Amino acid sequence: MAENIVIIGAGAAGMMAAIQAARLGKKVTLLERNDRPGRKIIITGKGRCNVTNAVNLLNELISAVPVNGRFLYSAFSNFMPQDTMDFFEQEGVALKIERGNRVFPVSDSSMDIVDALHNAAKKAGVAFKKGRVVDLVIEDGAVTGVVTEEGEAVSASSVLVATGGKSYPGTGSTGDGYMLAQKAGHTVTELKPSLVPLEIHEGFCSQLQGLSLRNVAIKVEDTSKCRIVYEDFGEMLFTHFGVSGPLILSASSHMRDMEREKYVIHIDLKPALSHEQLDKRIVRDFTENANKDYVNSLSLLLPRKLIPVAAKLTDIKASTKTNQITREQRAGLVEWLKDFKVTVTDFRPIEEAIVTSGGVKVSEVDPKTMQSKFVKGLYFAGEVLDVDAYTGGFNLQIAFSTGYAAGVNM
């Protein structure tokens, strides 16, 4: 039997696994369907690549993975965020830590991360080959190779499936890994979008399309349980269908069992001001613009696009002079600014998600080695597994940790 290791997919997990296996003296062939490796890494973090999250404690890392976090105990233990940071810095990529312990290259260029992985793999002797794997060759309960779309058979003593999920199919993540896993007898749990934009009931979102709100706070309420499931501060974006942006993508991963109007997002447009402070600010603005129409007095308080929506939702006629606005009406404006509500109707399609929730059932995979419990020599790593984390670098850390575990054990 050939001692060749075949890795399917040159993403974060696949390249990390290839590097580790090759450094241990294995002959590694990395099959990638795209013309270049790391296509999905290039677009992460708006092209900046949030490479990991600099948490130091294992339990903090696991708690950032709401789906099957405990499965990753061993993989995380053996390759922590600090190991990821050390790897890239040793490969010549200077890193920096930003708000929320998010780690980025100092250059703010995801290409530096892709190049570091690609160069490290080539230095270690990994052979890159273009090809789409459509089948696994399994004999007597062990994998012996793969078959490409062109019909070429590549023999192997071990095979790693690191094909990513179904999100962003333009990067090559079209769900091939799930098909291969099922052919090998594995269960693939229901595939759902995670870290995904949200569709909103209120029609005014289309009027606000393109509006970015920075430095706002949100709370996500599960109305079925009258409970806040997520809150954070940052940036969000209105689109023709609803809302997107970093805050919204993070919030989406806390929404489970999506039902129409189950979730309401409460937006605090002025989180730095208390109700009382905001009221004083508005009194000052209204006093300075005493003879202006209400709709024309809001420009110091709100972005231009949001003013017509504010005028409609606060029940103050747009033409009302500011010196005629009552205390009750002003209190209503303050309340709206501190609690601007939008109602979620659905996730956007999985193709628009950053991460796929669902995948190869983790109880069928050895958590120490990432080897299949059904087929000897078959391994899984990265997004193809049924694990997904919150935004902030945690999903890439899953890819690096599971890729490392597979690479050193293959």
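For the structure, check the block above.
Residues numbered from 1 in each chain as written. Predicted model: local features only at pLDDT ≥ 70, side-chain atom pairs only at ≥ 80, totals over all residues. Heavy atoms only, no water.

Caption draft 1: Focus on the packing of helix 1 (residues 12–23) against helix 12 (residues 394–409). Running from amino to carboxyl end, helix 1 crosses helix 12 at an angle of 30°, the nearest separation of the two axes being 7 Å. Of the two elements, helix 1 crosses helix 12, and the hand of that crossing is right-handed. Of the residues in helix 12, those touching helix 1 at Ala12, Ala13, Met16, Ala17, Gln20 and Ala21 are Leu396, Ala399, Phe400, Gly403, Tyr404, Gly407 and Val408. Grouping the amino acids of the contact of helix 1 with helix 12 by side-chain chemistry returns 10 nonpolar, 3 polar and no charged. (Axes fitted to C-alpha atoms, helices over the stretch in contact; angles between N-to-C directions. Helix = DSSP H or I, 4+ residues; strand = E, 2+ residues; numbered from the N terminus. Left-handed = near helix turned anticlockwise from the far one by under 90°. Contact = heavy atoms within 4.5 Å. Nonpolar A, V, L, I, M, F, W, Y, C, P; charged D, E, K, R; others polar.)

Caption draft 2: Quick look at the packing of helix 9 (residues 275–288) against helix 11 (residues 327–338). Contact pair helix 9 / helix 11: the axes reach a minimum separation of 10 Å and the direction vectors enclose 125°. Taken together, the axes of helix 9 and helix 11 are oblique relative to one another. Here helix 9 and helix 11 pass one another in a crossing that is right-handed. Within the contact between the two elements, helix 9 uses His275, Leu278, Asp279, Ile282, Val283 and Phe286 and helix 11 uses Arg330, Leu333, Val334, Glu335, Leu337 and Lys338. Grouping the constituent residues of the contact of helix 9 with helix 11 by class yields 7 nonpolar, 1 polar and 4 charged. (Parallel < 35°, antiparallel > 145°, perpendicular 65-115°, else oblique.)

Caption draft 3: Just the packing of aromatic side chains, in detail. Counted by the stated rule, this structure contains 7 aromatic pairs. Ring geometry for Phe88 against Phe400: centres 5.5 Å apart, planes inclined by 65°, an arrangement best described as edge-to-face. In this pair, Phe88 sits in helix 5 (residues 81–90) while Phe400 sits in helix 12, placing the two residues 312 residues apart along the sequence. For the pair Phe88 and Phe400, one class covers both residues: buried. Aromatic ring contacts, followed pair by pair, group Phe204, Phe238, Trp336 and Phe340 into a single cluster. In this structure, Arg348 is placed above the aromatic ring of Phe241, and the distance from its NZ or CZ to the ring centre is 4.0 Å. (Phe/Tyr/Trp six-rings, centres within 6.5 Å; stacked < 30°, edge-to-face > 60°. Buried < 20%, exposed > 50% of the residue type's maximum accessible area, 1.4 Å probe, protein only. Lys NZ or Arg CZ within 6 Å of the ring centre and 35° of its normal.)

Caption draft 4: Local environment of the nonpolar core. Core analysis: the largest hydrophobic core is formed by 82 residues, its most contacted members being Phe88 and Leu117. Residue contributions to this core peak at 9 residues, all from helix 1. Discounting residues that sit within four places of it in the chain, Phe88 has contacts with Val51, Val93, Leu95, Ile113, Ala116, Leu117 and Phe400. Among the nonpolar cores identified, the runner-up in size contains 48 residues, and Cys205, Leu269, Trp336 and Ala353 belong to it. (Core = buried A, V, L, I, M, F, W, Y, C linked by side-chain atoms within 4.5 Å.)

Caption draft 5: Up close: the sheet that holds strand 10 (residues 158–161). Strand order in this open sheet of 5 strands is 6-2-1-10-19, and the pairing throughout is parallel. Every other strand in the sheet has two partners, leaving strand 6 (127–130) and strand 19 (378–380) as the edge strands with one partner each. Averaged over all pairs of adjacent strands, the angle between strand axes in this sheet comes to 20°, irrespective of strand direction. Judged from the 4 bridges that link them, strand 2 (residues 27–32) and strand 6 form a sheet pairing that is parallel. Bridge pairing links Leu31 to Lys129 in strand 6. (Pairing = 2+ DSSP bridges.)

Caption draft 6: Broad picture of the side chain of Asp339. Note that Asp339 resides in the loop between helix 11 and strand 17 (340–347). Once residues within four sequence positions are removed from consideration, Asp339 is found in contact with His266 and Ile267.

Caption draft 7: How the structure looks around the pairing of strand 2. Most of strand 2 sits inside the fold, with 5 of its 6 residues counted as buried. Here 5 bridges tie strand 1 (residues 4–8) to strand 2, and the two strands are oriented parallel to one another. Residue Ile7 lies in a different strand from strand 2, and its bridge partner there is Leu30. Taken together, strand 1, helix 1 and strand 2 form a β-α-β motif whose crossover is right-handed. (Right-handed = clockwise from strand over helix to strand, strands pointing away.)

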